[in-house]
Amino acid sequence: MSVGSILILPGDGIGPEAMAEVRRIIDWYGDKRGLAFDVSEDLVGGAAYDAHGTPLTDAAMDKAQSVDAVLFGAVGGPKYDTLDFSVKPERGLLRLRKEMDLFANLRPAQCFDALADFSSLKRDVVAGLDIMIVRELTSGIYYGEPRGIFEENGERVGINTQRYTESEIARVARSAFELARKRAGKVCSMDKANVMESGILWREVVQTVHDEEYPDIELSHMYADAGGMQLTRWPKQFDVIVTDNLFGDLLSDVAAMLTGSLGMLPSASLGAPMANGRPKALYEPVHGSAPDIAGQGKANPIATILSFAMALRYSFDLGDEADRLEKAVEKVLADGVRTADLLNEEGKMPATTSQMGDAILAALDASL
Ligand code: NAD
C-alpha cells in the first residue's frame, strides 16, 4: 500500500541532479522499509517554459494541489533572464505558493558537528544547533495595500503597508505550536509590539492561541531586533521561532548562515490541512539553480535530501524515518565525505553529487 503521493518538480540547473539523489532515497524507503510512495514528476521553471511556453502548466498545478507533498528542486538560469516577467521561471514557484496558500514557511537551522567550523561563529555557539524558524509567508508588508510610489507635496513617497488579520496570525501560530509539540516544546514569537500596532495584535493573538489551545508549550515573546541579536549571541536558547513575513525573511537568513553552506539548507512551506488531514505542502532547498556548477556533478544534494526528510516528518508523520535520514547525512559528514562546497582544505578530492548520494544510501543501509 502506498504511504502517500509525491509530485517531484526538479526544475532547472542543479535541481534535477540533486533530485536524482532524492529519487534513489525514495526508492530505498520502498525497497528496504516497505514504505512505497506514489511518485509522479513534472516540469517547472525554465524547463516547463522550454516545453510548454509557461513556467508551470495548469495540469502540473492541478497535480500539485492533489498530492500529499510537492518536492521542488530549483528554477532559473541565465538563459531565462531576459524573458517577460509573466513567464519567468520563478513565476512557477510563486504560483505554487499562492494557489496552494502555503502560509507557513519552515526554515530549520541545524548545524552538524562535522561542519561547525564552517560557521562564522565560534564552534561552541553553533555545534549541535537545531532551531526552526516559522515565517508567515502569504501576508504582511509584502502584500498589504496601499502600496506604491506616489506624489505628495511635490516629492515622491514610497508606501508599503503592514497588515495582518487575526486569523492570519492565528493559523501561523498554530503551525508553530504544532511543530513545537514534535520538537522541544518551546516557541518564541518575535514582533515589534513596542512600535507597531500590527505587532501588538500579533502578540495578543499568539498569546491567546497559546492559552486556549497549546498551554503545554512554553511561549515567550521577543522584539525582533533583540531576536536578531540573540540569534547570533546564543542561538541554542531557541527551539521554534514564529514571526511575520518581513522579520522572518531577515531572521531566517541570519539563522541560515549560522550553519555554513547554502548546499545544506532545506525548507518546507505548509498550508491548511487537506481532507485527509495532511497539510498542503511544498519542500525545497533554500539554494537556487546554481548555473555556475550545473551539469558538472559538483552540486551538494544534501539540502534537497533534507527537504525530503522534512516531508517524511511533516507530511507523512514518519518522524523516525526522518531521523534515520538526517542521522545518515550526519554520519556521512562525520566520516569526512564532502562535496566541493564543503571543502576548505586544499588538495582533497571532493565527492561528486552521486558519490554523496551513494554514501548516504550506504549509511541508510548501515542503519538497518
Ligand atoms: P544559487 O543559490 O543558485 O547559488 C549561489 C552560489 O551557491 C553559487 O555559487 C552556487 O554554485 C552555490 N550553490 C548553491 N547551491 C549549491 C549546492 N547545492 N551545492 C553546491 N553549491 C551550491 O543563487 P544565485 O546564483 O543567486 O541564483 C542562480 C539562479 O537561481 C538564478 O536564476 C536565481 O533566480 C535562481 N534562484 C532560484 C531559487 C529557487 O528556485 N527557489 C532560489 C534562489 C535563486
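Everything quoted here is computed from the prediction, not taken from an experiment.

### A word on the packing of helix α1 (residues 15-33) against helix α11 (residues 319-334)
The relative placement of two packed helices is expressed as an angle between their axes plus a distance between the axes. Two elements in contact, α1 and α11, have axes separated by 13 Å at closest approach and are oriented at 120 degrees. Relative to α11, the element α1 is oriented oblique. The two elements α1 and α11 cross, and the hand of that crossing is right-handed. For the pair formed by α1 and α11, the contact residues are I25, W28, Y29 and R33 on the first element and E321, R324 and L325 on the second. Its residues assigned to classes, the contact of α1 with α11 comprises four nonpolar, no polar and three charged.

### Considering the site of the ligand
Around the ligand there are 21 residues in total, and E90, G288, A290, D292 and N300 lie nearest to it. Side-chain polar atom of E90 to an oxygen atom of the ligand: 2.9 Å apart, as the coordinates give it. The separation between an oxygen atom of the ligand and a polar main-chain atom of S289 is 3.1 Å. Relative to its unbound accessible surface of 800 Å², the ligand loses 66% to contact with the protein. Sorting the residues of the shell around the ligand by element identifies β3 (69-74) and α4 (89-99) as the ones contributing at least two each. Residue composition of the shell around the ligand, by class: 10 nonpolar, seven polar and four charged.

### What to know about the packing of α1 against helix α12 (residues 353-366)
Two elements in contact, α1 and α12, have axes separated by 9 Å at closest approach and are oriented at 20 degrees. Viewed along their axes, α1 and α12 adopt a mutual orientation that is roughly parallel. Note on packing geometry: the crossing formed by α1 with α12 is right-handed. Of α12, the residues touching α1 (which contributes E17, E21, R24, I25, W28, Y29 and K32) are T353, S354, G357, D358, I360, L361, L364 and D365. Split into classes, the residues belonging to the contact of α1 with α12 amount to six nonpolar, three polar and six charged.

### A word on helix α6 (residues 166-182)
Helix length check: α6 (17 residues) gives 25 Å between terminal C-alpha atoms against 24 Å at 1.5 Å per residue, within 8%. Regarding α6, the residues found buried are E168, I169, A170, V172, A173, S175, A176, F177, L179 and A180.

### Quick word on unusual backbone geometry
The omega angle of the peptide bond from E145 to P146 is 0 degrees, so this bond is cis rather than trans. Of note, A290 is a non-glycine position whose phi angle comes to about 40 degrees, a positive value. As for its placement among the helices and strands, A290 is situated in the loop between β12 (279-285) and α10 (302-314). Phi at D317 takes a positive value of approximately 55 degrees, unusual for a residue other than glycine. Tracing the chain through its elements places D317 in the loop between α10 and α11.

### Remarks on the environment of A109
In this structure, A109 sits in strand β4 (residues 104-110). Taking the C-alpha atoms as reference points, A109 and E166, 57 residues apart in sequence, are found 28 Å from one another.

### Description of the nonpolar core
Generally speaking, nonpolar side chains in soluble globular proteins are found buried as a group. Membership of the largest hydrophobic core comes to 68 residues, with the highest contact counts inside it found for F37 and F308. For this core, the leading source of residues is α10, giving nine residues. Here this core spans two domains, since at least three of its residues come from each of domain 1 (1-111 + 259-368) and domain 2 (139-244 + 253-258). Not counting residues up to four positions away in its chain, the partners in contact with F37 are S2, V3, G4, I6, I26, Y29, F308, L312, F316 and L318. A116, V126, M190 and L231 belong to the second-largest nonpolar core, a separate cluster that totals 20 residues.

### Describing the domain arrangement of the chain
Domain annotation for the chain reports domain 1 (1-111 + 259-368) and domain 2 (139-244 + 253-258). A C-alpha centroid distance of 27 Å is found between domain 1 and domain 2. On the side of domain 2, 11 residues touch domain 1, which itself brings 12 residues to the contact. For the pair domain 1 and domain 2, the number of links is three salt bridges. The salt bridge partner of D253 is R107, with a shortest N-O separation of 2.9 Å. Along the contact surface separating domain 1 from domain 2 lie two residue pairs in polar contact (both at pLDDT 80 or more). Contributing elements (two or more residues each) for the side of domain 1 that touches domain 2: β4 and α10.

Conventions we followed
- Residues numbered from 1 in each chain as written.
- Predicted model: local features only at pLDDT ≥ 70, side-chain atom pairs only at ≥ 80, totals over all residues.
- Heavy atoms only, no water.
- Axes fitted to C-alpha atoms, helices over the stretch in contact; angles between N-to-C directions.
- Helix = DSSP H or I, 4+ residues; strand = E, 2+ residues; numbered from the N terminus.
- Parallel < 35°, antiparallel > 145°, perpendicular 65-115°, else oblique.
- Left-handed = near helix turned anticlockwise from the far one by under 90°.
- Contact = heavy atoms within 4.5 Å.
- Nonpolar A, V, L, I, M, F, W, Y, C, P; charged D, E, K, R; others polar.
- Near = heavy atom within 4 Å.
- Polar contact = N/O pair within 3.5 Å; in protein donor to acceptor, adjacent residues only side chain to side chain.
- Areas by Shrake-Rupley, 256 points an atom, 1.4 Å probe, with all protein chains shown as cover.
- Expected span 1.5 Å × (residues − 1).
- Buried < 20%, exposed > 50% of the residue type's maximum accessible area, 1.4 Å probe, protein only.
- Core = buried A, V, L, I, M, F, W, Y, C linked by side-chain atoms within 4.5 Å.
- Domains from an automatic or database assignment.
- Salt bridge = Lys/Arg side-chain N within 4 Å of Asp/Glu carboxyl O.

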